[in-house]
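Listed below, chain by chain, are the residues.
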Amino acid sequence: MQAQLADFIRDTPQGKEAEAILCKCVHCGFCSATCQTYQLLGDELDGPRGRTYLIEQFLEGRGVNEKTQTHLDRCLTCRNCESTCPSGVQYGRLADIGRQLVEQHVERPASQKLLRCSLKKGLSNGPLFSLAMGLGWSVRPLLPAALKAKVPVRRATAGACSCSKAACSPPCHPASTPRRRACSIASA
């Protein structure tokens, strides 16, 4: 694929890297077979090939909007697509470049900024995450079924291990059925 990058990106290190990645892509579509978001949503723009087109259009100066940002946000960056690409396209790196540049050109609503910041801080901070999970577990019985399903069932602590072996590590956890899972220590 040939890309004619816009002036704002052409002679930058990111532009050169993105252009090299774009030139490798032949748009064969093999990547779609392993893309989880494409498989789930069925929208070409939610697959690596579609996102590559969106990034290319933006880098060529054809504009970007919230819709482009949404499609890039939906990528899990799992890089499964890279494993099936016969051309060796580093899609994950292209997506990183695209997201960073789109973030600079498309203003997010304040509510979305707050949510993203909260998730970033909350998921990466162990004590804060534990506090949030504790709160979730305490109100789980009161939640509607749809939300209740999203809060995992609290696992037993080491003292509640059903095998009663002091050296059980990791501790045994109750199974979802009345039976208990087997201890991680081989029985003698």
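The structure displayed is predicted, hence computed values, not measured ones. (Residues numbered from 1 in each chain as written. Predicted model: local features only at pLDDT ≥ 70, side-chain atom pairs only at ≥ 80, totals over all residues. Heavy atoms only, no water.)

**Q** Hey, could you run me through the packing of helix α4 (residues 48-59) against helix α5 (residues 66-73) in this one?
**A** Between two packed helices, what matters for the description is the angle formed by their axes and the separation of those axes. Put simply, α4 and α5 touch, their axes get as near as 10 Å, and they point 140° apart. In terms of their interaxial angle, α4 and α5 are classed as oblique. Along this stretch, α4 crosses α5, giving a crossing that reads as left-handed. Mapping the contact onto sequence places Arg51, Leu54 and Ile55 in α4 and Thr68, His71 and Leu72 in α5. Here the residues of the contact of α4 with α5 are counted per class, giving three nonpolar, two polar and one charged. (Axes fitted to C-alpha atoms, helices over the stretch in contact; angles between N-to-C directions. Helix = DSSP H or I, 4+ residues; strand = E, 2+ residues; numbered from the N terminus. Parallel < 35°, antiparallel > 145°, perpendicular 65-115°, else oblique. Left-handed = near helix turned anticlockwise from the far one by under 90°. Contact = heavy atoms within 4.5 Å. Nonpolar A, V, L, I, M, F, W, Y, C, P; charged D, E, K, R; others polar.)

**Q** Even after reading the chapter, I still don't get the pattern of salt bridges, so can you show me in this structure?
**A** Oppositely charged side chains are able to pair whenever their charged atoms sit close together. Taken as a whole and assessed by the stated rule, the structure comprises 11 salt bridges. Between Glu60 and Arg62 there is a salt bridge; the shortest N-O distance is 2.0 Å. We classify Glu60 as buried; its relative accessible area is 19%. Arg62 gets classed as exposed once you look at its relative accessible area, which sits at 53%. We note a salt bridge from Glu107 to Lys113, for which the minimum N-O separation is 2.4 Å. You can call Glu107 exposed: its relative accessible area is 58%. (Salt bridge = Lys/Arg side-chain N within 4 Å of Asp/Glu carboxyl O. Buried < 20%, exposed > 50% of the residue type's maximum accessible area, 1.4 Å probe, protein only.)

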